[in-house]
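Structural overview for review
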Amino acid sequence: MIVVDLISWFLIIFGSSFCVIAAIGVLRLPDYFSRIHAVGILDSVGAGALILGLMLQAGLTLVTIKLLMILVIIAITGPTATYALARAALDSGLKAELDEEDGSSSS
Amino acid sequence: MKKLYRSIIIAILGLILLWVSLSGYFNLLQLSFGILSICLVVWLTIHLKLLTSDGSRLKVLPRYPLYLFWLAREVVLSNILLAKIILAPKILLHRQIIYTKTYQSSDLAKTLYANSVTLTPGTLTIDIAEEGFLVHSLAKAFTDDIRSNKMNLRVAKLEPVDSRDDAK
């Protein structure tokens, strides 16, 4: 059982440290679109590792199934919400700051 | 018509599993609520014609777990890359919007690819055109990842062979 506890604590600490890194990223990155990328950390590894760690703590119970459903729902709604944010910014006329223009993007 | 009955039965079984795993109570009152709501949902899906009769969506289901494991690995790797960029003393970015052609033909596979790109940190799908996506990428490494089309090919392989023709 100690091994399961160790793995679960590692996952929980891993996930929460990535949540902190995402918060730092939102503050440090220069423009709107880069900051959306930092939020992407929260959706994927932040929430994912935390929930996996909690599933190991819960063991084989109904709680694990519910946590699994939360994981699936986050994985589907996270990117969709991110896309909606980016589209809303583009449609209201915000230009992305770019370091290099891509020639093929105009086609 | 026979196939429609089969997909109704599959839907009922799936809903029973969902109800039981979410409620966790097995007394008569709770189960009868469950049966009532399952009947309502199944009636609604038939009424709204959401139930497909060919079952082609179920056939590709066994191929998904392998892709999901691969995607999880990719997501963790690019997360660590992005975390390094964020925590570096001086933030070095190479922001670009690139166009990538999609190899998928069905809408479901295209959605899966667009969402996979967005889920992977460092890349973000911002526009979907007829033939491809516009992807905003944060650094050179992420741009190379998209250009190599690894994910694109893997999602294209998930598609059932017969749905490639009737996508149009």
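Treat the numbers as computed from the prediction; the structure is a model and nothing was measured.

Helices and strands together make up the secondary structure of chain A, namely three helices and zero strands. Element order for chain A, N to C, with α for helix and β for strand: α-α-α. For chain A, whose C-alpha radius of gyration is 18 Å, the value lies well above the compact-globule estimate of 13 Å for 107 residues. Taken along the three principal axes of its C-alpha coordinates, chain A extends 55 × 25 × 25 Å. Relative to its 107 residues, chain A shows a buried fraction of 29%. Long-range contacts, defined here as pairs at least 24 residues apart, represent 61% of the contacts in chain A between residues at least 6 apart.

What follows covers the packing of helix 3 (residues 62–91) of chain A against helix 5 (residues 107–119) of chain B. Closest axis-to-axis distance for the helix 3 of chain A/helix 5 of chain B pair is 9 Å, and the angle between their directions is 85°. On the basis of their axis angle, the class for helix 3 of chain A and helix 5 of chain B is roughly perpendicular. Residue-level inspection shows Ala75, Gly78, Pro79, Thr82 and Tyr83 of chain A of helix 3 of chain A in contact with helix 5 of chain B, the latter providing Asn115, Thr118 and Leu119 of chain B. Partitioning the contact of helix 3 of chain A with helix 5 of chain B into residue classes produces four nonpolar, four polar and no charged.

Attention now moves to the domain arrangement of chain B. Splitting chain B by domain gives domain 1 (2–53) and domain 2 (62–164). Between domain 1 of chain B and domain 2 of chain B, the C-alpha centre-to-centre distance is 35 Å.

Each partner contributes residues to the interface: chain B has 29 residues there, and chain A has 36 residues. Taken together, the elements giving at least two residues each to the side of chain B that touches chain A come down to helix 1 (2–23), helix 4 (64–87), strand 1 (96–101), helix 5, strand 2 (123–128) and strand 3 (132–137) of chain B. At seven residues, helix 4 of chain B tops the list of elements feeding residues into the side of chain B that touches chain A. Along the lines of polarity and charge, the residues of the side of chain B that touches chain A split into 18 nonpolar, 10 polar and one charged.

Within the largest apolar cluster, 38 residues are counted, with the highest numbers of intra-cluster contacts made by Phe18 and Ile41 of chain A. It is helix 2 (residues 32–58) of chain A that contributes the most residues to this core, eight residues altogether. Not counting the four nearest positions on each side in its chain, Phe18 of chain A is found in contact with Ile41, Val45, Gly46 and Ala49 of chain A together with Asn79 and Ala83 of chain B.

Further remarks concern the sheet that holds strand 3 of chain B. Residue and element names in this part refer to chain B. Pairing in this open sheet of three strands is antiparallel, and the strands run 1-3-2 from one edge to the other. Lying at the two open borders of the sheet, with one neighbouring strand each, are strand 1 and strand 2. Across the sheet, the mean angle from the axis of one strand to that of its neighbour is 30°, orientation sign disregarded. Pairing between strand 1 and strand 3: six bridges, direction antiparallel. Directly across from Ile97, in strand 3, lies its bridge partner His136. Against the sheet, helix 5 engages strand 2 and strand 3, with an angle of about 145° to strand 2.

It is worth spelling out unusual backbone geometry at this point. With a phi angle near 60°, Asn149 of chain B is a residue other than glycine that sits in the positive phi range. We classify Asn149 of chain B as partly exposed; it has 14 C-beta atoms within 10 Å.

All names here are of chain B. As a packed pair, helix 5 and helix 7 (residues 150–158) sit with axes 9 Å apart at the nearest point and diverge in direction by 150°. Of the possible angle classes, the one that applies to helix 5 and helix 7 is roughly antiparallel. Crossing of helix 5 against helix 7: the hand is right-handed. Seen from helix 5, the contacting residues are Ala109, Leu112, Tyr113, Ser116 and Val117; seen from helix 7, they are Met151, Asn152, Val155, Ala156 and Leu158. Within the contact of helix 5 with helix 7, the residues separate by chemical class into eight nonpolar, two polar and no charged.

With 30 residues, helix 3 of chain A should reach 44 Å at 1.5 Å per residue; the first-to-last C-alpha distance of 43 Å fits that figure. Listing the buried residues of helix 3 of chain A in full gives Leu67, Ala75, Gly78, Pro79, Thr82, Tyr83 and Ala86 of chain A. Buried residues along helix 3 of chain A sit against helix 2 of chain A together with helix 5 and strand 2 of chain B. Looking one or two residues beyond helix 3 of chain A, the residue adopting positive phi is Gly93 of chain A, at roughly 95°.

What counts, and where the lines are drawn
- Residues numbered from 1 in each chain as written.
- Chains lettered and ligands numbered in written order.
- Predicted model: local features only at pLDDT ≥ 70, side-chain atom pairs only at ≥ 80, totals over all residues.
- Helix = DSSP H or I, 4+ residues; strand = E, 2+ residues; numbered from the N terminus.
- Rg over C-alpha atoms; globule rule 2.2 N^0.38 Å.
- Buried ≥ 20, exposed ≤ 12 C-beta atoms within 10 Å, placed from the backbone.
- Contact = placed C-beta atoms within 7 Å.
- Axes fitted to C-alpha atoms, helices over the stretch in contact; angles between N-to-C directions.
- Parallel < 35°, antiparallel > 145°, perpendicular 65-115°, else oblique.
- Nonpolar A, V, L, I, M, F, W, Y, C, P; charged D, E, K, R; others polar.
- Domains from an automatic or database assignment.
- Core = buried A, V, L, I, M, F, W, Y, C linked by C-beta atoms within 7 Å.
- Pairing = 2+ DSSP bridges.
- Left-handed = near helix turned anticlockwise from the far one by under 90°.
- Expected span 1.5 Å × (residues − 1).

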